[in-house]
Amino acid sequence: GGTLFRTEFVQSGASMYVFHRDSTGTDKELIRLANNYVFFNDDGEDIDIKMEGENVDHLFSLDAAQDNIGIGGAPNSGVERLHVQGTGTSTMLRIESTDAGASVAPVVDLYRNSASPDTGDDLGQILFSGNDSAGAKQNYFQIKGEIRDN
C-alpha cells in the first residue's frame, strides 16, 4: 500500500459538500453548495483555488496561505490582497459607469480608515514604477495624499 487519498460527496439537508481526505487521513471540506450560496474552503485551510483561461494559466488564483488573490498570474507574496498582472499593452483595468445622469461616476475611493488620524498622516498614493536599464525596479512618479489642517 500507498497513501490513500479520497474525495467524497455528502448531502446534508439542502447542502452538498465535497470533502477530500489528505495524506494524514484528515477530511477537509473543499466546497459547500447550497441553494443560495457556494463556499470554497470554509474551514480556512491552506487550500488554494485556481481558475484557468484558454490562454492564461492563472486567470484567477487564490493563495490561502498568503491570504491574497492574483488575476492574470499567481499573486506575489509582497501584495497584501489583490495582484493584477498582464502581458500586453492594452487596457488592463476598466472601471465603467453607464449612468446617463449628471452625477459623478465612476468613483475610485482610496479610504484610509485610521482610528487616530493626525495632521501629516499619509492617506494613500498612486505609484508609477518600472524597471531601469539594469532591470532593477525603480519608483519614477507618485501621487500622494496627506492630512493637512487648514
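Located above this text is the structure these notes cover.
Residues numbered from 1 in each chain as written. Predicted model: local features only at pLDDT ≥ 70, side-chain atom pairs only at ≥ 80, totals over all residues. Heavy atoms only, no water.

Attention shifts here to the side chain of Asn41. Relative to the helices and strands, Asn41 resides in the loop between β4 (38-40) and β5 (49-51). Given the relative accessible area of 14%, Asn41 is considered buried. A distance of 2.7 Å separates the side chain of Asn41 from the backbone oxygen of Glu45, its partner in a polar contact. Ignoring any residue separated from it by four or fewer positions in sequence, one finds Asn41 in contact with Glu29, Leu30, Ile47 and Ala64. (Helix = DSSP H or I, 4+ residues; strand = E, 2+ residues; numbered from the N terminus. Buried < 20%, exposed > 50% of the residue type's maximum accessible area, 1.4 Å probe, protein only. Polar contact = N/O pair within 3.5 Å; in protein donor to acceptor, adjacent residues only side chain to side chain. Contact = heavy atoms within 4.5 Å.)

The pairing of strand β1 (residues 6-12) with strand β2 (residues 15-21) spans seven bridges and is classified as antiparallel. Opposite Gln11, over in β2, you have Met16 as the bridge partner. Linking β1 back to β2 in an antiparallel pair, the connection comprises two residues, with Gly13 at a positive phi of about 60°. As paired elements, β2 and strand β3 (residues 27-33) share six bridges and run antiparallel to each other. Pairing of Phe19 across the sheet is with Glu29, part of β3. In this structure, the hairpin formed by β2 and β3 is closed by a connection of five residues, where Gly25 is found at a positive phi of approximately 90°. (Pairing = 2+ DSSP bridges.)

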